[in-house]
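# Summary of the model geometry
These are the residues of each chain, in order.
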Amino acid sequence: MPARRARAEVASWVPFGIGHTKPHHYWEILRTVWENRDRLLYGWRILRHGVCDGCSLGPRGLYDDAMEGIHLCLLRLRMLRLNTMPALDPRRLADAAALERLSGAELRELGRLPVPLLRRAGEPGFRRIRWEEAIRLTGEALGAAAARDPDRIAFYTTSRGLTNETYYVAQKVARLLGTNNIDNAARLCHAASTTALKQTIGVAAATCSYTDWIGTELVVLLGSDVANNQPVAMKYLYHARRRGTRILVVNPYREPGLERYWVPSIPRSALFGTRMTDAFFQVRVGGDIAFLNGVLKHLLEMDAVDRAFIAAHTTGFEELCAALAAQSWEQLERSAGLDRRAMRRFAELYAGVRTAVFIWSMGLTQHRFGVENVQAVVNLALARGMVGRPNTGLVPVRGHSGVQGAAECGSVPNGFPGGLPVNEENARHFAELWGAPVPARPGLSAPEMLEAAARGALEVFYIAGGNFLETMPEPDGMRAALARVPGRIHQDLVVNSAMLVPPAPGGFVLLLPAQTRYEQKGGGTLTSTERRIRFSPEIPGPRIGEAMAEWEIFSRIGEAALGPERAHLVRFDSAQAVREEMERVMPLYRGIAGLRAEGDAVQYGGPLLCAGGVFAGMPGGRARFVALTPPELEPADLPPAANRFYLTTRRGKQFNSMIWGKRDPLTGARREDVLMAAEDAVRLGLRDGDRVVLRQQAAAASANSRFYGVCRIAPVRPGTLVAHWPEANVLIPLHLDPQSKEPDYNAWVVMEKA
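Thresholds, definitions, all that
Per chain, residue numbering runs from 1 following the sequence as it is written. Only residues with pLDDT of at least 70 are given local features in this predicted model, and only at 80 or more are side-chain atom pairs given and counted; all residues enter the totals for whole chains, interfaces and linings. With hydrogens and water stripped out, all remaining heavy atoms of the structure feed into the side-chain values. Helix numbering and strand numbering both begin at the N terminus, where a helix is a DSSP run of H or I of at least 4 residues and a strand a DSSP run of E of at least 2. Partly exposed describes any residue whose relative accessible area lies between the buried limit of under 20% and the exposed limit of over 50%, with all areas from a 1.4 Å probe on protein chains only and scaled to the type maximum. Any pair of residues with heavy atoms lying within 4.5 Å of one another is described as a contacting pair. Surface accessibility follows the Shrake-Rupley procedure with a 1.4 Å probe radius. Residue values consider only the protein chains on display as shielding. By the counting scheme adopted, Arg and Lys are positive, Glu and Asp are negative, and His together with the chain ends is not counted. Each charge is placed at NZ for Lys, CZ for Arg, CG for Asp and CD for Glu. Pairing between strands requires that DSSP locate at least two bridges from one strand to the other. Axes here mean lines fitted to C-alpha atoms, for a helix over just the part in contact, with angles spanning 0 to 180 degrees between N-to-C directions. Here a Phe, Tyr or Trp ring, Trp counted by its six-membered ring, pairs with any other such ring whose centre lies within 6.5 Å, and the pair is stacked when the planes are under 30 degrees apart, edge-to-face when over 60, and tilted otherwise. Geometrically, a charge over a ring is one whose NZ (Lys) or CZ (Arg) sits within 6 Å of the ring centre while staying within 35 degrees of the ring normal. Definition used in this section: a nonpolar core is a set of buried Ala, Val, Leu, Ile, Met, Phe, Trp, Tyr and Cys residues joined via side-chain atoms within 4.5 Å. The term salt bridge refers to a pairing of a side-chain nitrogen on Lys or Arg with a carboxyl oxygen on Asp or Glu at a separation within 4 Å. Every helix has an expected span of 1.5 Å times one less than the residues it contains. Pairs of N or O atoms within 3.5 Å make up the polar contacts considered here, provided that, within protein, one atom can donate a hydrogen while the other can accept it, and that residues adjacent in sequence are counted only when both atoms are side-chain atoms.

Now for the overall build of the chain. Looking only at helices and strands, the chain has 28 helices and 27 strands in total. Residues counted as buried form 64% of the 754 residues belonging to the chain. A separation of at least 24 residues holds for 77% of the contacts in the chain among residues at least 6 apart in sequence. Here the chain has roughly 26,300 Å² of accessible surface; of this, 53% comes from carbon and sulfur atoms. Of the side-chain charges in the chain, 91 are positive and 78 negative, and the distance between the mean point of each set is 4 Å.

Taking strand neighbours across the sheet as the criterion, the five strands line up as β9-β6-β5-β11-β12 in an open arrangement whose pairing is parallel. Each edge of the sheet is formed by a strand with only one pairing partner; in this case those strands are β9 (279–281) and β12 (393–396). In this sheet, adjacent strand axes meet at a mean angle of 15° when their direction is disregarded. With three bridges connecting them, strand β6 (residues 246–250) and β9 associate as parallel partners. Each bridged residue has a counterpart across the sheet, and for Val250 the counterpart in β9 is Phe281. Across the sheet, helix α18 (residues 340–351) lies against β5 (218–222), β6, β9 and β11 (356–360), angled at about 135° from β9, the strand it touches most.

A few words on unusual backbone geometry. In this structure, Pro726 follows Trp725 across a cis peptide bond, with omega equal to 15°. You will see that Asn391, though not glycine, has its phi angle at about 65°, which is positive. Looking at the secondary structure, you find Asn391 in the loop between α20 (370–383) and β12. Positive phi outside glycine occurs at Asn656, with the angle close to 55°. Note that Asn656 resides in the loop between β21 (654–655) and β22 (658–659).

The next subject is the sheet that holds strand β24 (residues 691–696). Hydrogen bonds along the backbone pair up the strands of a sheet, which may run parallel or antiparallel. Spatially, β20-β26-β23-β25-β24-β27 is the arrangement adopted by the six strands of the closed barrel, whose pairing is mixed. For this sheet the average axis-to-axis angle between neighbouring strands, irrespective of direction, equals 45°. Examined bridge by bridge, β24 and strand β27 (residues 746–753) share five bridges and lie antiparallel to one another. The partner of Val693 across the bridge, within β27, is Glu752.

Under the defined criterion, the tally for this structure stands at 20 aromatic pairs. Measuring from ring centre to ring centre gives 5.6 Å for Phe281 and Phe291, while their planes differ by 45°; the resulting arrangement is tilted. Remark: Phe291 occurs in helix α14 (residues 288–301) and Phe281 occurs in strand β9; sequence separation between them is 10 residues. The exposure classification of Phe281 matches that of Phe291, with both residues buried. When the ring of Trp725 is compared with that of Tyr745, the centres are 6.5 Å apart and the planes differ by 70°; the resulting orientation is edge-to-face. With Trp725 in the loop between β26 (720–724) and β27 and Tyr745 in the loop between β26 and β27, the pair connects residues that are 20 residues apart, well separated along the chain. The two residues Trp725 and Tyr745 agree in class, both being buried. Pairwise contacts between aromatic rings join Tyr168, Phe416, Phe430 and Trp434 into one cluster. For Arg384, the ring lying beneath its charged end belongs to Tyr350, and the centroid distance is 5.3 Å.

Further remarks concern the nonpolar core. Grouped together as the largest cluster of nonpolar side chains are 106 residues, with contacts concentrated most on Phe155, Tyr168 and Trp213. Looking at this core, the element that brings in the most residues is helix α6 (residues 131–148), giving eight residues. Beyond its immediate chain neighbours, meaning those up to four positions away, Trp213 contacts Leu57, Cys208, Val219, Ala233, Tyr236, Leu237, Ala240, Thr245, Val357, Ile359, Val395 and Val397. Core analysis: the second largest hydrophobic core is formed by 64 residues, Ala279, Ala342, Leu609 and Leu628 among them.

Should the charged atoms of two oppositely charged side chains come close, the side chains can pair. For the structure shown, the criterion picks out 43 salt bridges. In this structure, Arg354 and Glu217 form a salt bridge, with 2.9 Å as the shortest nitrogen-oxygen distance. Of this pair, Arg354 sits in the loop between α18 and β11 while Glu217 sits in the loop between α9 (210–215) and β5, and the two are 137 residues apart along the sequence. Close ionic contact of Glu752 with Arg695 constitutes a salt bridge, the shortest N to O distance being 3.5 Å. Of this pair, Glu752 sits in strand β27 while Arg695 is found in strand β24, placing the two residues 57 residues apart along the sequence.

To continue, consider helix α26 (residues 550–562). Here α26 spans 18 Å end to end across 13 residues, near enough to the 18 Å set by a 1.5 Å rise per residue. Judged by how many residues are buried, α26 sits mostly within the fold: 10 of 13 residues are covered. Two residues or fewer past α26, Gly563 is found with a positive phi of approximately 85°.

Before going further, it helps to examine the environment of Arg596. Tracing the sequence through the fold places Arg596 in the loop between α27 (575–585) and β18 (601–603). Looking at Arg596, the relative accessible area reads 53%, which means it is exposed. Note: C-alpha distance between Arg596 and Gln576 (20 residues apart in sequence) is 8.0 Å. Leaving out residues up to four positions away in the same chain, Arg596 has contacts with Phe535, Gln576 and Glu580.

Turning our eyes to something else, we now look at the pairing of strand β17 (residues 532–536). In terms of burial, β17 is largely enclosed, as five of its five residues are buried. In β17, alternate side chains face the same way, and those of Arg532, Arg534 and Ser536 on one face and Ile533 and Phe535 on the other are all buried. Across four bridges, the pairing between strand β16 (residues 524–527) and β17 is antiparallel. In the sheet register, Gly524 faces β17, and the bridge partner there is Ser536. Where β17 meets β18, three bridges bridge the pair, whose relative direction is antiparallel. When the sheet's bridge partners are listed, Arg532 is paired in β18 with Gln603.

On to the environment of Phe317. Mapped onto the fold, Phe317 is located in helix α16 (residues 317–325). Take Phe317: its relative accessible area is 8%, and that puts it in the buried class. Linking Phe317 and Phe625, residues 308 residues apart in sequence, is a C-alpha distance of 5.7 Å. Apart from residues no more than four positions distant in its own chain, Phe317 is found in contact with Leu300, Val305, Arg307, Ile310 and Phe625.

The next point concerns α14. Taking 1.5 Å per residue, 14 residues should reach 20 Å; α14 reaches 20 Å between its end C-alpha atoms and fits that length. Looking at α14, one finds that the buried residues are Asp288, Ile289, Ala290, Phe291, Leu292, Asn293, Gly294, Val295, Leu296, Lys297, His298 and Leu299. Two residues or fewer past α14, Asp303 is found with a positive phi of approximately 55°.

The next subject is the side chain of Arg175. Within the secondary structure, Arg175 sits in helix α7 (residues 164–176). Despite its burial, Arg175 remains without a salt bridge, the nearest opposite charge being carried by Asp183 at 8.8 Å. Within polar-contact distance, the side chain of Arg175 engages the backbone oxygen of Gly410 at 2.6 Å.

A few words on the environment of His71. Locating His71 in the fold gives a position in the loop between α2 (40–49) and α3 (74–84). The exposure class assigned to His71 is buried, which follows from its relative accessible area of 3%. Sequence separation of His71 and Ala233 is 162 residues, and the distance between their C-alpha atoms is 9.8 Å. Residues within four places of His71 in sequence aside, it is in contact with Pro59, Gly61, Leu62, Tyr63, Asp64, Val232, Lys235 and Tyr236.

Given below as structure tokens:
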């Protein structure tokens, strides 16, 4: 390969990108100062000393371990107000119907939840109650339901700022009550990744560190818009470009933020911007397997696979080759939406490097075949030995700061703490560790919990953060499901629309006020995308009413639910006591008990997993290739239509479902905009700015399955529509990946001029 040269080319010689569609970083900094002016010193202490509560890259304060210099992104600045805002007036919740007219942003702006609030069936709204009553009510409801049938209770833990300690205590309470019905927000984003990685390489996390991104020769981004969702990553990629790294993007939409970006903490980039990507490969939505299979066919023809690595460290390669041989180029081109020349170009770029890092996100995972999508990436990496060496790796980049640790700490229906699968042997193991029986049958995933709720099969649903009315497909169905649960507990920082769903007949809705991670006495730990367990200290400052640490709420309610004879099993005197038990029962998190001060961290598994090509979690220590056939994308049960499109969803100026602005600064698109290819617009007689209506093409689609938007011409793969999540969820039917139970957030729709 020729000598590597710096590739951080200038995006524009116009200073600060004036006239370009881009984020205005310095204006946003000023806006953050103004928004937090009432508690500015406290906000500064959070930014300076706390572990970031935005995405899962996890800088500590203003710095991280990958490079020198300040790390501070717009996402973290927008999140700051959640930590500094004052309490709401509980009397505002006395009339729930009046609040139903408010948007999610308006509900947040009411302020933090300061006290427990209860609404019983038939009551117009919420009234304040004491913590003692809230704990007794929840404990009795959980205990009584568990005594009848423990599978009629369920727990959900979001990724919104939750610490590892909270995940651990929550799952222990659930399991000692007799159920494995506990899940977390990763079910909606990276469940497909963890499933596929466990099946193929025996680990369920990124195999390399952030420093490997910077030193690699090639970075491949698949279905991932890190410029929007993990902005700090753009600084990593800037430094990688300066060292000569090529960046390839596989995505149906040519993301402007991946094409060029202004890194605000680097003067040259802040002034003139940086061109980031060497080549885009605009596959059709759902065409990734076909595209990557085509790349593999070319690599085989070029004899550009690492046969020594394959022979020494893998299984299943012959079966993969046979499957590829049976797939014609015409079939692969049709399914991928790209011709074989594009596949050849990718193969040649990949064949010309010695190191590569593959990074992906929900563009790959949120499909009914999400597990297979990730397996296709693993196949490509294994084919050239791009795992277990410096500057190589597989990275399911996480979008939320606490979510990597959720499943690792046991907040998942099919896994105990430390990543051990739920089965008879491991149930006995944890029963011995905890001193009480533990269920051995896997529980319900979050979507399955909601399906059970819709059938009337749940008596108590304990929801710590999150809003299923915004994050799940079929929001009307989710509303109806929640309304059927007799006992519904929402533990959160602020009010959201799901809390306003009226109680079931004879039932109740209880709101429990939680502290942020920065308020919790004794601090807490978070696990980042690179498997680094960080300690985030308690930050001195104002506290909100009677809000309590989230792990402590679960602990106290668990004591009440388990009764006096077993209450001690979930009694913890401090966050440190939780960490000490985690250290004892979770070898994966060895060292967590020693994390006590700002800056303390431990990276489990070390900088590289699967080092030297040893896949310890797999039979015989060998990784596994998976023979894959591209899925059939065209709907067999629907008639063809000239105005039919495959719809996919994307994020704008938001964090999860929390929307921060009506306009995406990276694309210029507004929340109601529907992005489409110019040639599709011409074919339908549409112009930029025309009002349009989208509806599900499925025969069973309800009248509510419509989306009224605005046509916006954009560099999108023809045949594809892109709309914002969660607004477009009304068009998405609930279909799950059968292996990971992750929802598919894509749908066939028809589009008409309004």
